[in-house]
Amino acid sequence: MKAKDPYLLTPGPLTTAAETKAAMLHDWGSRDEDFIGTNARVGMKLVHIAGATTSHVYVPLQGSGTFIIEATLTTLIPRGAKALVLVNGAYGRRMASILERTGRACAVLETQEDQPNDTAALDAALAADEAVGHVLCVHCETTSGILNPLEDIAAIVAKRGRRLLIDAMSAFGALPINARTLPFDALMASSNKCLEGVPGMGFSIISREALEAAEGNAESLSLDLFDQWKAMEANGQWRFTPPTHVVAALDAALTLFDAEGGREGRLMRYRENCAILIEGMRGLGFEPLLADAVQAPIIITFHMPGDKTFNFKAFYYGLKERGFVIYPGKLTKAPSFRMGCIGALGSDEMRSAVAAVKGVMADLGVASGAP
Ligand SMILES: *Cc1c(COP(=O)(O)O)cnc(C)c1O
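This structure is a prediction, so every number in the text was calculated from the model and none was measured.

Topic: the site of the ligand
No. 1: Near the ligand, the surroundings consist of 13 residues, among which Ser64, Thr66, Thr142, Asp167 and Lys193 are the closest.
No. 2: For the ligand, an oxygen atom lies 2.5 Å from a polar atom in the side chain of Thr66.
No. 3: In this structure, an oxygen atom belonging to the ligand sits 2.5 Å away from a side-chain N or O atom of Thr142.
No. 4: In isolation the ligand has 390 Å² of accessible area, and contact with the protein removes 85% of it.

Here it is in structure tokens:
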């Protein structure tokens, strides 16, 4: 192993703790009681983090986050039914694509990428369209890092008697979601974002009542979460080969999560990371895309510097040389780049990251990061 990996200032996969990596130095039988116990413990903890008890169940799935989203949407939304998607970035748009590909009708309510979802428009759209059964939203739209108004969305969806599915991929484990006070049918997330595990699995926290009614909806065998759930209920096992090392690493990561003070502790650290990064970058002239009021402490989008001598590729490799990997591309329409503030890093690493940016800017001969 290399002495020191660069820190990942990305939206995931992230820098993980030594304990999380070390948990993978074993082999487990996927049908053995040791692994079954680990999986059950992970599931219980995840349901607990969502504030749910017996109302909701844990249904995991192999693959990246998009797999669990496609699986959840196609399991819970019947073919031919209609859903409304709140879009202000690439991940909302991706859910709309899944619906279109799989023969579900789809209405899209879009706002600009630096504007939160429009709750008044949502209320009006639901009032006007009886056919919409489900509303799909993205808690933190990682395209820009914007925080969407989840509580208000959930209240409107409940008032209108519809069902809510939440892509909480980049929020779960840090931003609050409580199933006891916020009604939802499913919340989708993955091992490798705010929970600080390694990539390879997603999971859905699904209302038991909604899942019980979902038999036969999914057209895909391997993405059928009803079948996955039924099998796991029966014998505690994943239906098909589970990513055993990923589950073991998530188990270790959740022990660290508890030791940090759970979701509140994690949010506190990410808030501090975010504040240090934004303040430090502003000090170098950079400007965040988002207003502070809608910025989630997950990933920060900065406008590209206006200085003609600034070269993003050289900037990227300069930072890597100094031990920090940032996200090498933009998802927003505005010319921008992103730096994450989640993962197993704290205030010292964020200050070092700002110092590295300052050093690279000096190397490049760029006086200011101002757009
Ligand atoms: C990371 C992420 C996903 C899943 O992306 P994958 O590349 O499939 O893991 C989905 N939604 C949001 C909001 C995300 O941040």
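Quick look at the sheet that holds strand S8 (residues 163-167)
No. 1: Read across the sheet, 7 strands follow the order S2-S10-S9-S8-S5-S3-S4 without closing on themselves; strand pairing throughout is mixed. What marks the edges here is a single partner per strand, and that holds for strand S2 (56-62) and strand S4 (105-110). For this sheet, the mean angle separating the axes of adjacent strands, direction not counted, is 20°.
No. 2: As defined by bridge partners, strand S3 (residues 82-87) adjoins S4 across 6 bridges and the pair is classed as parallel. Looking at the pairing, Val87 lines up with Glu110 of S4.
No. 3: Strands S3, S4 and strand S5 (132-138) of the sheet are contacted by helix H5 (residues 119-128), whose axis makes an angle of about 165° with S3.
No. 4: The sheet contacts of helix H8 (residues 225-235) involve S2 and strand S10 (201-207), and relative to S2 the element is tilted by about 110°.

Side note on the environment of Asn117
No. 1: In this fold, Asn117 is placed in the loop between S4 and H5.
No. 2: For the pair Asn117 and Asn148, spaced 31 residues apart in sequence, the C-alpha to C-alpha distance is 5.9 Å.
No. 3: Every residue in contact with Asn117, bar those within four places of it in the chain, is listed here: Leu86, Val87, Asn88, Thr111, Cys137, Val138, Asn148, Pro149 and Ile153.

Observations concerning the packing of aromatic side chains
Aromatic rings in a pair are described by how distant their centres are and how their planes are angled relative to each other.
No. 1: Tallied over the full model, the rule gives 14 aromatic pairs.
No. 2: One aromatic cluster is present, formed by Phe286, Phe302, Phe310, Phe312, Phe315, Tyr316, Tyr317 and Phe337 through successive ring pairs.
No. 3: The lysine or arginine in question, Lys193, covers the ring of Tyr91, its NZ or CZ lying 5.7 Å from the ring centre.
No. 4: Above the plane of the ring of Tyr327 lies Arg338, whose end atom (NZ or CZ) is 4.3 Å from the centre.

A short note on helix H11 (residues 312-321)
No. 1: For H11, every residue scored as buried is listed here: Phe312, Phe315, Tyr316, Gly318 and Leu319. An end-on view of H11 places all buried positions within 165° of arc, on one side of the element. Turned more than 90 degrees off the buried face of H11, the exposed positions are Lys313 and Glu321.
No. 2: Residues of H11 that are buried make contact with strand S12 (324-326), strand S13 (336-340) and helix H12 (347-364).
No. 3: At the N-terminal end of H11, a side-chain oxygen is found 2.9 Å from the backbone nitrogen of Lys313, two or three residues along, and the residue is Asn311.
No. 4: Gly323, located one to two residues past H11, shows a positive phi value of around 100°.

Here's the deal with the environment of Leu126
No. 1: In this fold, Leu126 is placed in helix H5.
No. 2: Each C-alpha atom of the pair Leu126 and Arg338 lies 34 Å from the other, and the pair is 212 residues apart in sequence.
No. 3: Sequence-distant contacts of Leu126, defined by excluding residues within four places in its chain, comprise Leu84, Val132, Val135, Ile156, Val157, Arg160 and Arg162.

Concerning the pattern of salt bridges
No. 1: All chains considered together, the criterion is met by 18 salt bridges.
No. 2: Ionic pairing is found between Glu287 and Arg282, a salt bridge with its closest N-O pair at 3.9 Å.
No. 3: The closest approach of N and O atoms between Asp292 and Arg282, which form a salt bridge, is 3.1 Å. Separated by 10 residues along the polypeptide, Asp292 in the loop between helix H10 (262-283) and strand S11 (299-303) and Arg282 in helix H10 bring together distant segments of the chain.
No. 4: For Asp292, a relative accessible area of 51% puts it in the exposed group.
No. 5: Residue classification places Arg282 among the partly exposed residues on the basis of a relative accessible area of 34%.
No. 6: Because the salt bridges share partners, they merge into one network encompassing Glu196, Glu260, Arg266 and Arg269.

Digging into the packing of H11 against H12
No. 1: Two elements in contact, H11 and H12, have axes separated by 9 Å at closest approach and are oriented at 130°. On the basis of their axis angle, the class for H11 and H12 is oblique. With respect to the hand of their crossing, H11 and H12 are arranged in right-handed fashion. Listed contacts from H12 to Ala314, Phe315, Gly318 and Leu319 of H11 are Ala356, Val357, Val360, Met361 and Leu364.
No. 2: Across the contact of H11 with H12, the residue classes tally to 8 nonpolar, 1 polar and no charged.

Considering the side chain of Asp123
No. 1: With respect to the helices and strands, the residue Asp123 is situated in helix H5.
No. 2: By relative accessible area, which is 18% here, Asp123 ends up buried.
No. 3: Residues contacting Asp123, with those up to four places away along its chain left out, are Ile156, Lys159 and Arg160.

How each quantity is defined
- Residues numbered from 1 in each chain as written.
- Predicted model: local features only at pLDDT ≥ 70, side-chain atom pairs only at ≥ 80, totals over all residues.
- Heavy atoms only, no water.
- Near = heavy atom within 4 Å.
- Polar contact = N/O pair within 3.5 Å; in protein donor to acceptor, adjacent residues only side chain to side chain.
- Areas by Shrake-Rupley, 256 points an atom, 1.4 Å probe, with all protein chains shown as cover.
- Pairing = 2+ DSSP bridges.
- Helix = DSSP H or I, 4+ residues; strand = E, 2+ residues; numbered from the N terminus.
- Axes fitted to C-alpha atoms, helices over the stretch in contact; angles between N-to-C directions.
- Contact = heavy atoms within 4.5 Å.
- Phe/Tyr/Trp six-rings, centres within 6.5 Å; stacked < 30°, edge-to-face > 60°.
- Lys NZ or Arg CZ within 6 Å of the ring centre and 35° of its normal.
- Buried < 20%, exposed > 50% of the residue type's maximum accessible area, 1.4 Å probe, protein only.
- Arc of directions from axis to C-beta.
- Salt bridge = Lys/Arg side-chain N within 4 Å of Asp/Glu carboxyl O.
- Parallel < 35°, antiparallel > 145°, perpendicular 65-115°, else oblique.
- Left-handed = near helix turned anticlockwise from the far one by under 90°.
- Nonpolar A, V, L, I, M, F, W, Y, C, P; charged D, E, K, R; others polar.

Purely geometric stuff here, so don't read any function into it on its own.
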